[in-house]
Amino acid sequence: MSAVIAISRFRVPGDPSGFEATATEVVAHFQGCPGSRGAELVRNLDEPELWALLSRWSDVGSYRRAFNGTPAKLLLIPLLSLAIDAVSYTHLDVYKRQG
């Protein structure tokens, strides 16, 4: 089984409520896309101003197609343009342990 994991990292100083609301909409969008295996917004426990948007995909094409269309771009681009690093994604082969 293969998987793609995309990670976008953010630094959100001060009140994170606006960021969190928008990021939650992005998570819902990603979760509803074909090929999505899940998405979540996580916050660093040691440095609470650091956040990450994690998403898992069946393949790279599914991740890329999640950005198709004007409504998706209007939702995703403003948030992802705030990422502190370039979005990273990795293609993995997932192995199940026998036994």
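Residues numbered from 1 in each chain as written. Predicted model: local features only at pLDDT ≥ 70, side-chain atom pairs only at ≥ 80, totals over all residues. Heavy atoms only, no water.

Caption draft 1: Here's a closer look at the pattern of salt bridges. The tally for this structure, following the rule as stated, stands at 3 salt bridges. Arg 11 is the salt-bridge partner of Glu 49, the closest N and O atoms lying 2.7 Å from each other. With Glu 49 in the loop between β2 (36–43) and β3 (50–57) and Arg 11 in strand β1 (residues 2–11), this residue pair connects regions lying 38 residues apart in the sequence. With relative accessibility at 30%, the residue Glu 49 sits in the partly exposed group. A salt bridge links Arg 56 to Glu 40, with the shortest nitrogen-to-oxygen separation between them at 3.4 Å. Taken together, the positions of Arg 56 in strand β3 and Glu 40 in strand β2 put the pair 16 residues apart, joining distant regions of the chain. Overall, Arg 56 belongs to the partly exposed group, its relative accessible area being 29%. Given the relative accessible area of 35%, Glu 40 is considered partly exposed. (Salt bridge = Lys/Arg side-chain N within 4 Å of Asp/Glu carboxyl O. Helix = DSSP H or I, 4+ residues; strand = E, 2+ residues; numbered from the N terminus. Buried < 20%, exposed > 50% of the residue type's maximum accessible area, 1.4 Å probe, protein only.)

That's the geometry; what it means functionally is another story.
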